[in-house]
Amino acid sequence: MNRALVIEDDEVTAKAIVNTLTSHGFEVLWTANGRDGLSAAISGGHDVITLDRMLPDFDGLTIISTLRSLGIQTPVLMISALSDVDERVKGLRSGGDDYLTKPFSTVEMIARVEVLLRRPLAGVSERLLSVGNLHIDLIEQSLSREGVQIPLLPTEFKLLTYFMRNAGQLVTRTMLFQAVWGYHFDPGTNIIDVHIGRLRKKIEGGNSPVIQTIRGSGYVLASQE
Amino acid sequence: MQRAHYYQKIDDASLKDELAASEVYSTSGIDAYGLFEADGTHIAGDLLRLRASLPGDGQVHYLERGLSIALPREQTRSSHALMQHRDDGRILILSRDGGSISAVGGIIEQALFWGFSLTLIPGLIGWWLLRRRPLRRVQRLQSCTESIVSGNLGERLPLSPRRDELDMLANAVNVMLEHIEQLMHEVKGACDGIAHDLRTPLTRLRAHLDQLQQLPLDSSHAETLNMALEESESIMLRFQGLLRISELEDTRRRSGFESFQPAALITQAHEFFEPLAQEQGLTLLLEISADLPALSGDVSLLFEALVNLLDNAIKFTPEGGVIHFRGYLAGNSLNIEVSDNGPGIPEEERESVIRRLYRVDSTRQQPGHGLGLSLVSAIVRLHGFVLSIQESPRGCGATVSIICPLPEVKASLAAPS
């Protein structure tokens, strides 16, 4: 079972985060201030931390840079009321792994937490990714199904790579947009749907994994076995 | 004239003696007379010769040139004269010299001229000298106001130690600026406050709805819940859009600027939108001139601006339409232009569409929240670019361009000032 640490001062928001994490099978520890949060994080044993950027006693940035300077590499999802791009950059630069602005949907939150858990360790370079009968060669930028090459456009390739890295995992529109195009705003529903639609057509057939749309939330690459 | 009347009454015989006698009393050199025989022979008086141009009608005439006169001068200057035929056939001429009067006139004229020039020339020099200083001050005030207009609200007009009228005015403006800044702070504070106060309840609302969704619900409840979720999603989108715009309107925020290649950005936006355009039965044509120079800006924001422009164009162009997406050099600026052949934007609404939440009446039924163009406008302003909305050259549809002045032009404009 994964263990999560929630550092959040607003009780209702904290409760929502805790409930969502619990219902996704996490064992959760909640601390309502920075001091307790920091000591809980330092004592270790957590797989992921959600951290409010603005706490009554500490700044979230202080907590995270303290953790990183102590060599604690637990993935951290920062949650902030500050949506400014500069703030995001600050948050990520001080050691945060992902950044979510309030108000957020818990679906988005849990999706990001799950992705953080699966993040490959830094420094480990992989060459091949496989889900079901789909195989990707990251160096040659090629996709093959049972030995047959399927041509993909660069964008489609990036999309599929992200899906395959997080197979079986819900990924949201903004996460995709961030990972594939590199921008941090919501481009609207339609446009990502269309890109997914194109990719879906290229990889469908046989018993290949399919990209399912989860209404109002995002997409999942699911194997058909 | 009076003299003429007087002499007329005197009988011809005593005239000569009378004239001689009056000469004693008359101002010498000014009044003169001449008595002549009918054939013009001089009998008596200082005037020596008849003058043909003087009519013998007994009226006073003005003579430009003088009459011949005995000493002290040979000729009067201009004079008033009168010629009279006496009953006995003699001719009497009386004259009053205008020369000294005109001489006085001349003196006065000269005095006026010199007096005038002596005051006017130093006056002009003084004016120029005095004007230089206030002019420089006004120029300083002007550059200062420009800086304030461009968003630097903390700036104040410079005051001189002289405490003159200009300073009084500048001071009044400064007090006003102080007020405006305070009001702006209050408004911004109120906005930020509202934003902050709304963030938490919105987060909670979302959380509650999400939790509901995880419960087993029957289908009609689930449907209502889904609608509630969608509504809350749209509220959050609008809310975040508003927050982003107010962040962007704080124009001092330029920390994220870096040099980038506009061609790459345009190509990426085109690739991003091409599938959507195709799906909607539209043609999205990309035209990029070769060798577009690099620009400085926040790539992420500019991409967002392009996404909004293209999204609008696709939304409002009917099926089968063509959208031109172009990047080209025009004079000293680089234009990024989205031109569609949809319904266009009526001229009178072009200003309003960049206001927050404004939507052209005829588009109310379309999805969207009316923040797109105002967001674009805020982004464009942050970069010092210009957003222009025009009718498409093909006569229908809208052409929205982002006009980016090129850096070297900016530099050369800045250099002389």
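All residue numbers refer to position in the chain's written sequence, counted from 1. Chain labels run from A onward and ligand labels from 1 onward, assigned in the order the entries are written. Where local features are concerned, this predicted model is filtered to residues with pLDDT of at least 70; where side-chain atom pairs are given and counted, the filter is 80 or more; whole-chain, interface and lining totals use all residues.

**Focus on the overall build of chain B**
Put simply, the rule is: Only DSSP runs of H or I with at least four residues qualify as helices, and only runs of E with at least two residues qualify as strands; both kinds are numbered from the N terminus onward. Whether a residue is buried, exposed or partly exposed is read from the other C-beta atoms within 10 Å of its own C-beta, which are placed from the backbone; 20 or more gives buried, 12 or fewer gives exposed, and intermediate counts give partly exposed. In this description, any two residues whose backbone-derived C-beta atoms lie within 7 Å of each other are considered to be in contact.
In terms of regular secondary structure, chain B is built from 9 helices and 12 strands. Scored against the burial criterion, the 417 residues of chain B give a buried share of 26%. Long-range pairs, those at least 24 residues apart, make up 56% of the contacts in chain B with a sequence separation of at least 6.

**A word on the interface of chain B and chain A**
Condition: Amino acid classes used here: Ala, Val, Leu, Ile, Met, Phe, Trp, Tyr, Cys and Pro are nonpolar; Asp, Glu, Lys and Arg are charged; the rest, including Gly, are polar.
Taken together, the contact pairs 33 residues of chain B with 32 residues of chain A. Listed by contribution, the elements that provide at least two residues to the side of chain B that touches chain A are helix 4 (165-213), helix 5 (219-248), helix 6 (262-279) and helix 7 (299-316) of chain B. Among the elements that make up the side of chain B that touches chain A, the one with the highest residue count is helix 4 of chain B (10 residues). Residues belonging to the side of chain B that touches chain A are distributed by class as follows: 12 nonpolar, 10 polar and 11 charged.

**Overview of unusual backbone geometry**
All names here are of chain A. In this structure, Gln 141 is a non-glycine residue whose phi angle is positive, near 55°. Here Gln 141 lies in the loop between strand 7 (134-137) and strand 8 (142-145). Assessed through the 12 C-beta atoms surrounding it within 10 Å, Gln 141 is described here as exposed. The phi torsion at Glu 146 lies on the positive side, around 45°, for a residue other than glycine. Tracing the backbone shows Glu 146 in the loop between strand 8 and strand 9 (148-150). Assessed through the 9 C-beta atoms surrounding it within 10 Å, Glu 146 is described here as exposed.

**Observations concerning the packing of helix 6 (residues 154-165) of chain A against helix 7 (residues 173-181) of chain A**
Residues and elements named next belong to chain A. Put simply, the rule is: To get an axis, fit a line to the C-alpha atoms, keeping to the stretch in contact for a helix; angles then go from 0 to 180 degrees between the N-to-C directions. Reported orientations rely on four angle classes, namely roughly parallel under 35 degrees, roughly antiparallel over 145, roughly perpendicular from 65 to 115, and oblique for the rest. The hand of a helix crossing depends on one turn: near helix anticlockwise from the far one by less than a right angle means left-handed, and clockwise means right-handed.
With their axes 9 Å apart at the nearest point, helix 6 and helix 7 run at an angle of 125° to one another. Classified by the angle their axes make, helix 6 and helix 7 are oblique. Helix-helix and strand crossings are classified by hand; for helix 6 and helix 7 the assignment is right-handed. Residues Thr 155, Lys 158, Leu 159 and Tyr 162 of helix 6 touch helix 7, and the partners they reach there are Leu 176, Ala 179 and Val 180. The residue inventory of the contact of helix 6 with helix 7, partitioned by class, reads 5 nonpolar, 1 polar and 1 charged.

**Comments concerning the pairing of strand 9 (residues 322-330) of chain B**
All names here are of chain B. This is how the line gets drawn: Two strands form a pair only when DSSP identifies at least two bridges running between them.
Here strand 7 (residues 283-288) pairs with strand 9 via 6 bridges, running parallel. Within strand 9, the position partnered with Ile 288 by the bridge is Gly 327. Relative to strand 10 (residues 333-339), strand 9 runs antiparallel, the two being bridged by 7 bridges. Each residue of the ladder has a partner; that of Phe 325, found in strand 10, is Val 338.

**A word on the sheet that holds strand 12 (residues 218-222) of chain A**
Residue and element names in this part refer to chain A. Overall, antiparallel pairing links the 3 strands, which are arranged 10-12-11 in an open sheet. Of all strands in the sheet, those with a lone pairing partner are strand 10 (170-172) and strand 11 (210-214), marking the two edges. On average, each strand axis in the sheet is inclined to that of its neighbour by 30°, with strand direction left out of account.

**Observations regarding the sheet that holds strand 12 (residues 398-405) of chain B**
One key point about sheets: their strands pair by backbone hydrogen bonds, in either a parallel or an antiparallel sense. All names here are of chain B. Read from one edge to the other, the open sheet built from 5 strands follows the order 7-9-10-12-11, with strand pairing classed as mixed. With one partner strand each, in any of the chains shown, strand 7 and strand 11 (386-391) form the two edges of the open sheet. Averaged over neighbouring strand pairs, the angle between their axes works out to 15° when direction is ignored. Bridge analysis of strand 11 against strand 12 gives 6 bridges, and the strand direction is antiparallel. Following the sheet pairing, Leu 387 is matched in strand 12 by Ile 402. Strands in contact with helix 6 are strand 7, strand 9 and strand 10; relative to strand 7, the strand with the most contacts, it is inclined by about 170°.

**Brief notes about the environment of Val 89 of chain A**
By the secondary structure assignment, Val 89 of chain A is in helix 4 (residues 85-93). Residues Val 89 of chain A and Tyr 99 of chain A lie 10 residues apart in sequence; the distance between their C-alpha atoms is 9.0 Å.

**With respect to the nonpolar core**
Residues and elements named next belong to chain B. Condition: Buried Ala, Val, Leu, Ile, Met, Phe, Trp, Tyr and Cys residues whose C-beta atoms connect them within 7 Å together make up a nonpolar core.
Among the nonpolar cores identified, the biggest contains 99 residues, and Phe 273, Ala 305, Leu 310 and Ile 379 are the most heavily contacted of them. Top contributing element to this core by residue count: helix 7, with 12 residues. Once residues lying within four places of it in the same chain are set aside, the contact partners of Ala 305 are Val 376, Ile 379, Val 380 and Ile 402. Formed by 14 residues, the second largest nonpolar core is a distinct cluster that contains Leu 19, Ile 91, Leu 92 and Ile 93.

**A closer look at helix 6 of chain A**
Note the following rule: By this rule the span expected of a helix is its residue count minus one, scaled by 1.5 Å.
If you check helix 6 of chain A, its first and last C-alpha atoms are 16 Å apart, about what 12 residues at 1.5 Å a residue would give, namely 16 Å. For helix 6 of chain A, every residue scored as buried is listed here: Glu 156, Leu 159, Leu 160, Phe 163 and Arg 165 of chain A.

**Details of the confidence of the model for chain B**
For clarity, the threshold we go by: The predictor reports its confidence for every residue as pLDDT, a score running from 0 up to 100.
Looking at chain B, the pLDDT average stands at 78 and 79% of residues meet or exceed 70. Low pLDDT (under 50) marks residues 409-417 of chain B, which in the prediction has 2 contacts with non-local residues, meaning those over four places away or in another chain.

**Focus on the packing of helix 1 (residues 11-23) of chain A against helix 5 (residues 106-118) of chain A**
All names here are of chain A. One can describe the packing of helix 1 onto helix 5 by two numbers: an axis separation of 10 Å at closest approach and a directional angle of 55°. The angle between helix 1 and helix 5 places the two elements in the oblique class. Judged by the twist between their axes, the crossing of helix 1 over helix 5 is right-handed. On the side of helix 1, the interface is formed by Ala 16, Ile 17, Thr 20 and Leu 21, while helix 5 contributes Thr 106, Met 109 and Ile 110. Counted by class, the contact of helix 1 with helix 5 contains 5 nonpolar, 2 polar and no charged residues.

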